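Breakdown of the fold
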There are 2 protein chains.
Amino acid sequence: MQMTPMIESFVCHFGEMGSRWGFNRTVGQIYALLVVSEQPICANEIAELLGISRGNVSMGLKELGSWQLVQVIHKQGERREFYQSRGSIWDMANRVFEERRKREMDPTLSLLRDIMMDEAANNDEAYAQKRITEIHDLLENITEWTQSLQSLSPEKLNTLMKLGSGVGKVLEFTDKFRPKKDA
Amino acid sequence: MQMTPMIESFVCHFGEMGSRWGFNRTVGQIYALLVVSEQPICANEIAELLGISRGNVSMGLKELGSWQLVQVIHKQGERREFYQSRGSIWDMANRVFEERRKREMDPTLSLLRDIMMDEAANNDEAYAQKRITEIHDLLENITEWTQSLQSLSPEKLNTLMKLGSGVGKVLEFTDKFRPKKDA
DNA sequence: CAATAGTTTCAGAAATTTCTGAAAGTTCAG
DNA sequence: CTGAACTTTCAGAAATTTCTGAAACTATTG
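Residues numbered from 1 in each chain as written. Chains lettered and ligands numbered in written order. Predicted model: local features only at pLDDT ≥ 70, side-chain atom pairs only at ≥ 80, totals over all residues. Heavy atoms only, no water.

Note the following rule: UniProt positions are given in the numbering used here, feature names are shortened, and annotations may be inferred rather than shown by experiment.
The name given to chain A in an unreviewed UniProt entry is HTH-type transcriptional regulator, with Arsukibacterium tuosuense as the source organism. Under the UniProt heading Sequence similarities (unreviewed entry), the note attached to chain A is "Belongs to the GbsR family."

1. Here's the deal with the relation of the copies chain A and chain B
What counts is decided by this rule: Copy-to-copy superposition: least squares on the C-alpha atoms, limited to residues that have pLDDT of at least 70 in both copies. Contacts are residue-level and defined by heavy atoms, with any inter-residue pair within 4.5 Å sufficient.
Each copy of the sequence occupies a distinct position, and chain A is placed on chain B by a rotation of 180° and an axial shift of 0.0 Å, giving an RMSD of 0.0 Å. Overall, the copies show the geometry of a two-fold rotation axis. Closest approach to the rotation axis among the C-alpha atoms of chain A is made by Arg20(A), whose C-alpha sits 3.2 Å away. The share of interface residues of chain A whose copies in chain B are also at the interface is 100%, consistent with both copies meeting through the same surface.

2. Quick look at the nonpolar core
Nonpolar side chains in soluble globular proteins generally cluster together in the buried interior. Rules: Here the nonpolar core consists of buried residues drawn from Ala, Val, Leu, Ile, Met, Phe, Trp, Tyr and Cys, with membership extended through side-chain atoms lying within 4.5 Å. The buried label goes to any residue with under 20% of its type's maximum accessible area, the exposed label to any with over 50%, and the partly exposed label to all in between, with areas taken from a 1.4 Å probe on protein chains only. Under the scheme used here, helices are H or I runs from DSSP no shorter than 4 residues and strands are E runs no shorter than 2 residues, and both carry numbers assigned from the N terminus.
Core analysis: the biggest nonpolar cluster contains 98 residues, and Phe10(A), Tyr31(A), Ile46(A), Phe10(B) and Ile46(B) have the highest contact counts within it. A per-element tally of this core places helix α5 (residues 89-117) of chain A first, with 9 residues. Contact partners of Ile46(B), with chain neighbours within four places excluded, come to Ile30(B), Leu33(B), Leu34(B), Ile41(B), Gly51(B), Val57(B) and Leu61(B).

3. Regarding the interface of chain A and chain B
Condition: What counts as buried area is the accessible surface, traced by a 1.4 Å probe, that two parts surrender upon association, with contributions from both included. Salt bridge, as used here: a side-chain nitrogen of Lys or Arg that lies within 4 Å of a carboxyl oxygen of Asp or Glu. Between N or O atoms, a polar contact is any pair within 3.5 Å; within protein, one atom must be a potential hydrogen donor and the other a potential acceptor, and residues adjacent in sequence are included only when both atoms are from side chains. Gly is placed with the polar residues, together with every amino acid not listed as nonpolar (Ala, Val, Leu, Ile, Met, Phe, Trp, Tyr, Cys and Pro) or charged (Asp, Glu, Lys and Arg).
Opposite the 68 residues of chain A that make contact, chain B presents 68 residues. Summed over both sides, the interface of chain A with chain B buries roughly 6000 Å², with 71% coming from carbon and sulfur. For the pair chain A and chain B, the number of links is 2 salt bridges. A salt bridge links Arg20(B) to Glu104(A), with the nearest nitrogen and oxygen atoms 3.5 Å apart. Across the contact surface, chain A and chain B share 16 residue pairs in polar contact (both at pLDDT 80 or more). Of the residues forming the side of chain A that touches chain B, the biggest block, 16 residues, is contributed by helix α6 (residues 123-149) of chain A. Of the residues that constitute the side of chain A that touches chain B, the class distribution is 35 nonpolar, 20 polar and 13 charged.

4. Some points on the protein's contact with DNA strand C
The line we're drawing: Whether a residue is near a molecule or strand is decided by its heavy atoms; if any one of them lies within 4 Å of it, the residue is near.
The environment of DNA strand C is made up of 16 residues, and the closest members are Thr26(A), Ser53(A), Ser58(B), Lys62(B) and Glu81(B). Protein-proximal atoms of DNA strand C, defined as those within 4 Å of the protein, fall in sugar or phosphate at a share of 72%. Interatomic distance of 2.6 Å between a side-chain N/O atom of Ser53(A) and a phosphate oxygen of DNA strand C. Those elements giving two or more residues to the surface near DNA strand C turn out to be α4 (54-66) of chain A together with α4 (54-66) of chain B. Top contributing element to the surface near DNA strand C by residue count: α4(B), with 5 residues. Taken together, the residues that form the surface near DNA strand C break down as 3 nonpolar, 7 polar and 6 charged.

5. As for the UniProt feature "domain: HTH arsR-type" (unreviewed entry) in chain A
If you check UniProt for "domain: HTH arsR-type" (unreviewed entry), the listed places come out as residues 31-66 of chain A in our numbering. Segment residues 31-66 of chain A splits into 72% helix and 6% strand. End C-alpha atoms: 13 Å apart.

6. Overview of unusual backbone geometry
Residue and element names in this part refer to chain A. A positive phi angle, close to 55°, is found at glutamine 68, a residue other than glycine. On the secondary structure map, glutamine 68 appears in the loop between α4 and β2 (70-74). The partly exposed category is assigned to glutamine 68, whose relative accessible area is 36%.

Now the structure itself:
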């Protein structure tokens, strides 16, 4: 694996983005490198290619492992561990999404529910609770919906996305053919 | 406006989440406070309620203004500026989403396109380019799709979300009624 | 116009996050 | 078993981000 300007620009940018998606810049860079590498890479080489310490690589790979985004590969005749990214780009996106839901959404929804169950002590809290309920409802809907979308195949989801907001028209269309409650 | 344990727990949590959604903890806390406050709040009071400096409030409000998430309110007989969050919870979510697209997605897609147009110099780059193309395609699809969903009304979008992955069945249903190309 | 109220900006301090490299720990080969 | 290869962990250093509070700036009032 060679570090070329093309790969370097990708790795750098992806690293910046990583910190927006749930892991720090270096972890993002390690992951980017593994995503675009056809061959598994050992930790020492990652350290060399990215210009970071071997210890930092170890910690980064541990983090990526906790997200289940990378896997260890053992080569015959090699004691070193090699790493590569797991699954398709689609699988990766799913994993990141799933892990963020667990780490951010679920605790948030849980806290919002606790607050909603409290008794409002004054008008300030009553209004706050009303707003918090709205936030909770929206986040819950979005979370459940995106979760259900995960059960679709990549192909079917792609079809859905190509339909765009035309989905609204599909909903109207199906309404016309729905049998009336009382004819 | 009183800072009660209920409101404080919300503000603290939301602040932590803010750093995952594009702005720092304190900016997130300022915003959380404004979201759950029925009345506009002046900068001095925000500083007192959150226990932060007046200068920090000023900078945070400036950031929230750049996201178009808050608005200034002028009261008759008052020289101070008051702030409140803009729009419904739904509007807020839309704004955050839109701004993140501009700040993160658009530059990412732009960079990925640049890389895709380069000539691969070796096998490493060819494979990297293939992967980058897949990432680009997926991100582009998701971005365009979510953008088109923004053109739906909250009610219609809510209906869609309640349908969940049943949307896949709707797609099959409409396929059955689509006129054949050559009958 | 001068004084005051109010806001913004920014240098440097403070807080937080990330990193290094060596110690600690684990595994393998001879 | 010992030495070497390999990995992990962590104390403290380094880097980065955030914050403070005072200077700079703006607007209003008498």
